[in-house]
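What follows is each chain in one-letter form.
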Amino acid sequence: MPSPDICLEARQLRLGHRARRGGGFTLACDNLDISIAEHEFVVIVGPSGCGKTTFLEAVAGLVPVADGALELHGRPIDGPGPERSLVFQHASLFPWRTVLANVQFGPQVQGRLDATARERAKELLDMAGLAHVADKYPHELSGGMRQRVNLARALATDPALLLLDEPFGALDAQTRENLQEELLRIWQADGVGNGKTALFVTHDVNEAVLLADRVLVFSPSPARIALEITIDAPRPREAAWRRSAEFLAYGDQILDALHPSRDTARNDDDDVSTADGEPATAADPLDAARLGAPAQ
Ligand SMILES: Nc1ncnc2c1ncn2[C@@H]1O[C@H](COP(=O)(O)OP(=O)(O)OP(=O)(O)O)[C@@H](O)[C@H]1O
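Residue positions are given per chain, counted from 1 along the sequence in the order it is written. At least 70 in pLDDT is required for a residue's local features to be given in this predicted model, at least 80 for side-chain atom pairs to be given and counted, and no such filter applies to totals for whole chains, interfaces and linings, which use all residues.

**Some details on the site of the ligand**
Part 1 of the argument: Any residue whose C-beta atom, as placed from the backbone, lies within 6 Å of a molecule or strand is termed near it. With respect to spatial proximity, the complete set of residues near the ligand consists of H17, T26, A28, G46, S48, G49, C50, G51, K52, T53, T54 and S221.
Part 2 of the argument: Contributions of two or more residues to the shell around the ligand are made by β2 (25–37) and α1 (52–60).
Part 3 of the argument: A run of H or I in DSSP becomes a helix once it reaches four residues, and a run of E becomes a strand once it reaches two; helices and strands are each numbered from the N terminus. Top contributing element to the shell around the ligand by residue count: α1, with three residues.
Part 4 of the argument: Amino acids outside the nonpolar list (Ala, Val, Leu, Ile, Met, Phe, Trp, Tyr, Cys, Pro) and the charged list (Asp, Glu, Lys, Arg) are all regarded as polar, and Gly is one of them. For the shell around the ligand, the residue count by class is two nonpolar, nine polar and one charged.

**What to know about the sheet that holds strand β7 (residues 161–165)**
Each strand in a sheet pairs with its neighbour through backbone hydrogen bonds, running either in the same direction (parallel) or in the opposite one (antiparallel).
Part 1 of the argument: The sheet built from six strands is open, its strands ordered β6-β7-β8-β3-β9-β10 with mixed pairing. Where the open sheet ends on each side, the last strands, each with one partner, are β6 (84–87) and β10 (225–230). With direction set aside, neighbouring strand axes in the sheet form an average angle of 15 degrees.
Part 2 of the argument: The sheet contact formed by β7 and strand β8 (residues 197–201) spans five bridges and is parallel. Bridge pairing in β8 links L163 to L199. Should DSSP find at least two bridges between two strands, the strands are regarded as paired. Helix axes use the C-alpha atoms of the stretch in contact, all axes being lines fitted to C-alpha atoms, and the angles between their N-to-C directions lie in the range 0 to 180 degrees.

**Re the pairing of β7**
Residues in a regular strand project their side chains so that they alternate between the two faces of the sheet.
Part 1 of the argument: Most of β7 is tucked away, with five of its five residues classed as buried.
Part 2 of the argument: Residues L161, L163 and D165 line one face of β7 and the alternating positions L162 and L164 line the opposite face, and both faces are buried.
Part 3 of the argument: Sheet topology note: the β6/β7 ladder contains four bridges and is parallel. Among the inter-strand pairings, V87 is bridged to a residue of β7, identified as L164. Counts of 20 or more other C-beta atoms within 10 Å of a residue's own C-beta define buried residues, counts of 12 or fewer define exposed ones, and intermediate counts define partly exposed ones; C-beta atoms are placed from the backbone.

Here you go:
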């Protein structure tokens, strides 16, 4: 009997991709044991190509389980379902629908676009600071606004689990920072007591520390859990917290897990920060992200 507090559970989970021809199989995730509680915000980081998206897609029901178990509320995931919403890096809005009609799309296809759902869509737009563009079309919005619409749309179906795959990865640093704060605000305002359960993939270590209750660091491919770290900081997390020693220490732990050789290198070659703590150079995009510079 699954615990009522567990939203998602992976046990000894193996995932991969079968080649269209020749029957070959690329293993992407190996023996993953992950348990995500209701209302928890879990962020996954890991090297490029390690299997983060594959895991998210499996949770979305788009990649089949090769071995082990993957369960949502104690039931095996065997396909997509309305209780999970997926947000990608690029907002995939319908260009012929207004902003409001885009947000109402999910409830509409589910056949439950009643007065409550219409009101809820407006409320979400309001929460996302987009009430004033409800009647505009996607091409009339900035990239950041489009991604906010995308988030509102994902929340409009009232999913039990929100899946976000680098949702801010294509945005400039300033817009990304603003949207991280927006997301936290919406996430906190939207839940009962806490926010919705969320699983968020990013390459940006700062973003992970800011958003997460818990960060899972995936190893290089095939993904295993290299580090699991609880971000023990109260919410709401103010922007100033990003500059605290505690914040940077969390980032350092994550970077050390991503680059096990980094600890020694850092002692030998101190080029990631200057004496006054300002970033100088960062040879690695993940270091660059931690230091607030755009990833290469
Ligand atoms: N549709 C597919 N068919 C075959 N192999 C795939 C497919 N999608 C991903 N892979 C392979 O699975 C592995 C994991 O890819 P995945 O996209 O999950 O990594 P990722 O950690 O999300 O990478 P990134 O951070 O670069 O987005 C890689 O070896 C990749 O080449």
